[in-house]
Amino acid sequence: MSDVFERYERQYCEISANLSKKCTAAASLDGERKKQKVSEIQTGLDEAESLIRKMDLEARSLQPNVKAVLLAKLREYKSDLNNLKSEVKRLVSGNLNAASRDELLESGMADALTSSVISLLEECLIHVQ
């Protein structure tokens, strides 16, 4: 195999495990602490993405039989990274949805918004039929 690829691979696995733990921890946080944790996670995601690019370049420079095996591993790591990115999006959107809902309820706009959404749904149903 490739010593360089294996070194990148070990680094990626460490980063991935660390990011997974941080995502789990961030889910129980709120406010500024959650924003800070998400920022740390984003930095880690950038680092992981950089390692994947390096692994890709290294794998493509090797003999075809080794290259195929390493590219298969690389696909798994890319999938793992995409799952981590999705988790971060859920963390961030959870914050936005909760904040928006709370703001709407406090401002009294929730009832007006609900009416608007129902009206839009009714119009869509009329057009579908």
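Definitions and cut-offs
Residues numbered from 1 in each chain as written. Predicted model: local features only at pLDDT ≥ 70, side-chain atom pairs only at ≥ 80, totals over all residues. Heavy atoms only, no water. Helix = DSSP H or I, 4+ residues; strand = E, 2+ residues; numbered from the N terminus. Buried < 20%, exposed > 50% of the residue type's maximum accessible area, 1.4 Å probe, protein only. Contact = heavy atoms within 4.5 Å. Expected span 1.5 Å × (residues − 1). pLDDT = per-residue confidence, 0-100.

Time to look at the overall build of the protein. A tally of regular secondary structure across the protein gives four helices and zero strands. Listing every helix and strand of the protein by position from the N terminus yields α-α-α-α. Among the 129 residues that make up the protein, the fraction classed as buried is 26%. Taking contacts inside the protein between residues at least 6 apart in sequence as the whole, the part at least 24 apart equals 72%.

What follows is about helix α1 (residues 3–27). Look at α1: 36 Å from first C-alpha to last across 25 residues, which is about the 36 Å you get at 1.5 Å a residue. Turning to α1, its buried residues are F5, Y8, E9, Y12, I15, S16, L19, C23 and A26.

As for its placement among the helices and strands, D56 is situated in helix α2 (residues 31–60). For D56, a relative accessible area of 17% translates into the label buried.

Taking 1.5 Å of rise per residue, the 30 residues of α2 would be expected to cover 44 Å, and the 43 Å separating its terminal C-alpha atoms lies within 8% of that figure. Of all the positions in α2, only K34, V38, I41, G44, L45, A48, L51, I52, M55, D56, E58 and A59 are classed as buried.

What follows is about the confidence of the model for the protein. The pLDDT averaged across the protein works out to 82; a share of 72% of its residues lies at or above 70. This stretch, residues 96–101, has a pLDDT under 50; its non-local contacts, to residues over four places away or in other chains, come to zero contacts.

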